[in-house]
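# Structural description and commentary
Take a look at the letters that make up each chain.
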Amino acid sequence: MMSQDSEKNGSKQVVSSLDQLEAIKVILLDIEGTTTPITFVKDVLFPYVREKVEEYLDSHWDEQECQDDIKELRDQAILDKDLEGVVTIPEEVEDGTSSSTLVKQAVVQSIHWLMAADRKVTALKQFQGHMWRSGYKEKKLVGEIYSDVLPAIKQWLRKSKKVYIYSSGSVEAQKLLFGHTKYGSLLELFSGHFDTKTGLKVEKESYLKIAAEIGCDPHEILFLTDVTREALPASQAGYKTTIVVRKGNAPLTEDETKSFHQIKSFSELLDNE
């Protein structure tokens, strides 16, 4: 079991990973780099959108949701008109001036441009989310979860602890991922989900809001994340925090290693029942 040394009253103490669960009633989990490889988003979800956007448009073109998404993308392009490379999306009109084929081509190009420019705009996120939902439903996408995650969550629940998710990805995207894993749907394991509508993950107030909504004292919440800039405001809010060190995650600095408790696997937070 991984442990971390700490200084208290001038004497050196060893803090075990299981000590992190003492008096804890709620475990709050990050997703990327914590429950799920960071590469899942980069190497699976994003390429899926880039490669399948034309196919998706062909299959869903006549649906109102798809047309609403296209309108949002069209409006975003107007807002971005002064940006280099922006792709305008014409209106489809009955006289054939602008056919559905031309509109589809423009939407594909717009999606590719927005993603290449790393534009974090609602129009793109909404469209991506709807594509991912379709992909999960059609079993073209499977949510990836580290093998040590499910056994840990099940034991925490047996010990009457509650588990919540807090991610920068939308609640809808979270539910899609956990609702379509190789283990089946895991949604019933979670008591709730939070995203940036609650607040930014780097702000202390966000964690205070979550604690208030859960109805739990901050000192009774353990937050697991791979990012120290999230762990710091959580700890300032009164949470216990642990950094999850996974292959592919950003390495910790020497100061971060000294300042935060770390685990390499959720199995370090399991006891022998």
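Since the model is a prediction, treat every value here as computed from it, not as a measurement. (Residues numbered from 1 in each chain as written. Predicted model: local features only at pLDDT ≥ 70, side-chain atom pairs only at ≥ 80, totals over all residues. Heavy atoms only, no water.)

### Here we look at the environment of R74
- Note that R74 resides in helix α2 (residues 64-79).
- The exposure class assigned to R74 is buried, which follows from its relative accessible area of 12%.
- Each C-alpha atom of the pair R74 and F194 lies 29 Å from the other, and the pair is 120 residues apart in sequence.
- Excluding residues that lie within four positions of it along the chain, R74 makes contacts with I89, P90, E91 and V103. (Helix = DSSP H or I, 4+ residues; strand = E, 2+ residues; numbered from the N terminus. Buried < 20%, exposed > 50% of the residue type's maximum accessible area, 1.4 Å probe, protein only. Contact = heavy atoms within 4.5 Å.)

### Looking at the UniProt feature "binding site: substrate" (unreviewed entry) in the chain
- As annotated in UniProt, the feature "binding site: substrate" (unreviewed entry) corresponds to S167, S168 and K201 in the numbering used here. Taken together, the annotated residues stretch across 35 residues yet fold into one region, lying no more than 7.8 Å apart by C-alpha. Within the annotated group just given, the residues that line the largest pocket are S167, S168 and K201.
- Relative to the elements of secondary structure, S167 occurs in the loop between β4 (162-166) and α6 (171-179).
- Apart from residues no more than four positions distant in its own chain, S167 is found in contact with I31, Q174, F194, D195, T196 and K201.
- Within the local environment of S167, its side chain forms a polar contact with the backbone nitrogen of G169, the two atoms lying 3.1 Å apart.
- Take S168: its relative accessible area is 45%, and that puts it in the partly exposed class.
- Setting aside residues no more than four positions away along its own chain, S168 makes contact with T196 and K201. (UniProt positions renumbered as here; feature names shortened; annotations may be inferred. 1 Å grid on protein atoms, 1.4 Å probe; cavity = no way out; pocket = protein on both sides within 12 Å on 5 of 7 lines; lining within 4 Å. Polar contact = N/O pair within 3.5 Å; in protein donor to acceptor, adjacent residues only side chain to side chain.)

### Things to note about the nonpolar core
- Formed by 58 residues in total, the largest nonpolar core has its most connected members in L29, L57, I111, W156, L224 and F266.
- Leaving out residues up to four positions away in the same chain, F266 has contacts with L29, T34, T35, D148, V149, A152, W156, L224, V244 and R246.
- Counting 15 residues, the second-largest nonpolar core is a separate cluster that includes Y164, Y166, F194 and A211. (Core = buried A, V, L, I, M, F, W, Y, C linked by side-chain atoms within 4.5 Å.)

### Observations regarding the packing of aromatic side chains
- What the rule picks out here adds up to eight aromatic pairs.
- Between F46 and W132 the ring centres are 6.2 Å apart and the planes differ by 25°, which places this aromatic pair in the stacked class. Separated by 86 residues along the polypeptide, F46 in helix α1 (residues 38-60) and W132 in helix α4 (residues 122-137) bring together distant segments of the chain.
- Using a relative accessible area of 30% as the deciding quantity, one classes F46 as partly exposed.
- Seen in terms of ring centroids, Y207 and Y239 are 5.6 Å apart; in terms of plane orientation they differ by 85°. Their pairing is edge-to-face. Of this pair, Y207 sits in helix α7 (residues 204-214) while Y239 sits in the loop between α8 (228-236) and β7 (240-244), placing them 32 residues apart in sequence.
- Overall, Y239 belongs to the buried group, its relative accessible area being 4%.
- Here the aromatic residues Y166, Y207, F223 and Y239 are joined through ring pairs into a cluster of three or more.
- The cationic tip of R246 hangs over the ring face of Y146; the distance from NZ or CZ to the ring centre is 3.8 Å. (Phe/Tyr/Trp six-rings, centres within 6.5 Å; stacked < 30°, edge-to-face > 60°. Lys NZ or Arg CZ within 6 Å of the ring centre and 35° of its normal.)

### What to know about the packing of α4 against α6
- At a minimum axis separation of 10 Å, α4 and α6 run at an interaxial angle of 15°. Taken as axis vectors, α4 and α6 run roughly parallel relative to one another. Read as a crossing pair, α4 and α6 show a hand that is left-handed. Every residue of α6 that contacts α4 at G129, H130, W132, R133 and Y136 is listed here: E172, L176 and L177.
- Considering only residue class, the contact of α4 with α6 consists of four nonpolar, two polar and two charged. (Axes fitted to C-alpha atoms, helices over the stretch in contact; angles between N-to-C directions. Parallel < 35°, antiparallel > 145°, perpendicular 65-115°, else oblique. Left-handed = near helix turned anticlockwise from the far one by under 90°. Nonpolar A, V, L, I, M, F, W, Y, C, P; charged D, E, K, R; others polar.)

### So, the UniProt feature "binding site: Mg(2+)" (unreviewed entry) in the chain
- This chain's UniProt record puts "binding site: Mg(2+)" (unreviewed entry) on D30, E32 and D226. The greatest C-alpha distance among the residues just named is 7.9 Å, despite their covering 197 residues of sequence, which places them together in space. Residues from the named set that contribute to the lining of the largest pocket are D30, E32 and D226.
- By the element assignment, D30 lies in the loop between β3 (26-29) and α1.
- Those residues in contact with D30, other than ones at most four positions away along the chain, are T35, Y166, K201, F223, L224, T225, D226 and E230.
- Side chain to side chain, D30 and T34 meet in a polar contact 3.0 Å long.
- By the secondary structure assignment, E32 is in the loop between β3 and α1.
- Once you skip the residues sitting within four places of it in the chain, E32 turns out to touch I38, V41 and D226.

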